[in-house]
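Fold and contact review
The chain contents come next:
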Amino acid sequence: MTVRITKTILWALVGAGLVALVARFAGGLGVTTNLSDLTPWGLWIGLKLAGVAFAAGGFTIAAVVYIFRFESYHILARRSVLIGLLGYTFFVVSLIVDLGIPWNIWRPIAYWNLHSPLFEVAWCVMLYLTVLALEFAPVVLEKYSQRWRLCDLAYRFLKRITIPLVVFGIALSVLHQSSLGTLFAIMPHRQHPLFYSPIINVLFFVSCIAMGLAAVIVESYLANLLYQRRINDHQLRRLGQFLAWVIWLFIIIRLGDLALRGDARYLVGSGWDSVLFWIEMGALLLVPSLLLQWRRVRESRFLLSTMAFTVVIGFILNRINVAGLATISATGTSYFPSGLEILMSLGLVPGIAVLIWMYLVENYEVWQHEEAIDEVDMRYEPPRRDRPSGVWLGDSSLASFKLYSTAFVMTAALTFGLLPRDALFGASAVAKTVERPRGRAVLLVDGDRAGTSVLFDHRKHEEKLGLEESCDRCHHMANPMDQDTPCWCCHRDMWSVTDIFDHDGHVRDLERFGALDACAACHPDGGQPRARETVSTCTVEGCHLYELALHREKARVQPDDVTRARFAVGYMDAMHGLCIECHKERAAELGRPHHGDCATCHRHGLGPEATILTHLRERHDVIFRTGETPR
């Protein structure tokens, strides 16, 4: 009954997660997640790092058995390898989900960047996943080795190369854990000092050993709870004791590093990062490590598994902090995962990964026999077929299929019904009226007042492009009786096209100038419907003669049809179309190949808006007092 309830819940999670997954690939990351260019790493990166650490049980137990020769732990080898295989498999799957262009995941194979930590991470993951698959393959092959000779040959070959595979796998896993830490060691500007460390690769390596040991303990008690699998309490108690020592080592290294770097003062801070640090280090790591020193705690299955599970949660929080939460205060951004991000995470890891683990435990000898325990604990009776009658004595497969499929379909349908509109039909621009820039000689351009402002030195551009003659180059159109119509007057929406033709205004002006039939002035052919397509050109005699009021001859941007100029692209497209192209052309002339890049104008760290405006006022005072532009 426990297994059926567990599987029903997991299939329900898978149903919801798969719908969210389809929405992610159909609509993209922008409409299904709360990630942004400033916060590209969020919940998924933290869970991926935690999954890799959770999978470290494979190389930890392999090192204990094959390197340090503790043969009594050999019974844990298959189970720990399975944990490692599932952990790394879903690391790769979730990485594909997280990549903006997932079909480029093969590129590290062909394009080698030896200076990138991600290159090392990619190769270590690929190779170690292959090694884990080869290490676990004998568990599957031995079931069919008596039936098919090819399986028998493969099984014998893999058993012979077990030791080289284990040694190679340990080396790859150590490299991988260290390179993951290096990835964060090169970004001190994005992390709070409590979570950044130049030796974070060492912390990652020590923490993955602890998490691997905790994962083996949790997996053992989970299998015992679900399948009444026999467990060797003595072994798990010793692992619990060793786990406490590793946690202590992790705590000492981390606190010592903070003290040596002079960042220990943040430990008593009142910010959110300090709270996160003490939840992680105090409640989830320090307390369990202290309790695990107590023999009565280790002798209790419930308490030992609870402490191990608490340690797993503690290190998961540590990886999420390092990868995402600790970057919020440092970068000044805000991020909370969307509902679809959470559903995809639950559907992939607790859903599909645990279901695969349950399938392998039920159908293969993942749990090796141990005679000493089998004689003592006889409670385990796996389902079997009654030989005389041939009747299956386990759960009904058809009833289970109905239950699981119902849970899957219901949650999938519910999730589909609750999908946001953008996830179903793609992102659509929300109308946003453009606000005019502030300033004079130097303009603070922030059309949607979203804080991603650009400081545009109007005076400097005038001087470089020819002073008064430069106006025509950028101000490519002008309203009647106007000389230099600002961009925001026509490009009135931040994202969408604006209809700049004022129909009612034209009717009023024509009537004011004595037109007997204002409509006929633009729609002279009475035989045709009066529509946009049949209107006469704006340069008809008596109106915008010589097109002077519509466009400038020297302008960089020319309307497609100067005689019927009616629509203006969105403000962002207009600004980018004008500035980027000009900067790219000037890049070679100035000898600055990156002059056309985003960072030339979008410089982060401008500071609060009030500070910027004060700075602008001071510059304007200097310009009007001295007539010179301050540098």
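1. Re the overall build of the protein
Each helix and strand in the protein was counted, giving 25 helices and 5 strands. Sequence-distant contacts in the protein: of pairs separated by 6 or more residues, those separated by 24 or more amount to 73%. With the model as given, the accessible surface of the protein reaches about 34,700 Å², and the carbon-plus-sulfur share is 63%.

2. Describing the pattern of salt bridges
Scanning the model with the defined rule gives 13 salt bridges in all. R156 serves as the salt-bridge partner of D152, at 3.0 Å between the closest nitrogen and oxygen. Within this pair, D152 and its partner R156 are both found in helix α8 (residues 149–160), separated by 4 residues, close to a single helical turn. A relative accessible area of 14% places D152 in the buried class. Given a relative accessible area of 49%, R156 falls into the partly exposed group. A salt bridge links R261 to D257; the shortest N-O distance between them is 3.0 Å. On the criterion of helical spacing, the pair formed by R261 and D257 is a turn pair, its members being 4 residues apart in helix α11 (residues 233–261). For D257, a relative accessible area of 9% puts it in the buried group.

3. What about the environment of T32?
By the element assignment, T32 lies in helix α2 (residues 29–32). Looking at T32, the relative accessible area reads 1%, which means it is buried. Taking the C-alpha atoms as reference points, T32 and P420, separated by 388 residues in sequence, lie 8.4 Å from one another. If we ignore the near neighbours within four places in the chain, the residues touching T32 are A23, R24, S338, L340, E341 and A423. Polar side-chain contacts of T32 include one of 2.8 Å to the backbone oxygen of G28.

4. Details of empty space enclosed by the protein
Under the definition given, this model contains 1 cavity of 30 Å³ or more. If you add up the space inside the largest cavity, you get close to 100 Å³. What lines the largest cavity is a set of 15 residues, and nearest its centre among them are F195, I200, L203, R254 and N318. Looking at the lining of the largest cavity, the elements with two or more residues in it are α10 (200–227), α11 and α14 (301–331).

5. Focus on the nonpolar core
With 114 residues, the main nonpolar core has F136, F184, I217, L239, L243, W357 and V366 as its most contacted residues. Ranked by residues supplied to this core, first place goes to α10 with 17 residues. Discounting residues that sit within four places of it in the chain, F136 has contacts with R78, V81, L82, L85, L360 and V366.

Quick notes on the rules
- Residues numbered from 1 in each chain as written.
- Predicted model: local features only at pLDDT ≥ 70, side-chain atom pairs only at ≥ 80, totals over all residues.
- Heavy atoms only, no water.
- Helix = DSSP H or I, 4+ residues; strand = E, 2+ residues; numbered from the N terminus.
- Contact = heavy atoms within 4.5 Å.
- Areas by Shrake-Rupley, 256 points an atom, 1.4 Å probe, with all protein chains shown as cover.
- Salt bridge = Lys/Arg side-chain N within 4 Å of Asp/Glu carboxyl O.
- Buried < 20%, exposed > 50% of the residue type's maximum accessible area, 1.4 Å probe, protein only.
- Polar contact = N/O pair within 3.5 Å; in protein donor to acceptor, adjacent residues only side chain to side chain.
- 1 Å grid on protein atoms, 1.4 Å probe; cavity = no way out; pocket = protein on both sides within 12 Å on 5 of 7 lines; lining within 4 Å.
- Points joined across faces, edges and corners; volume = space filled by probe spheres on them.
- Core = buried A, V, L, I, M, F, W, Y, C linked by side-chain atoms within 4.5 Å.

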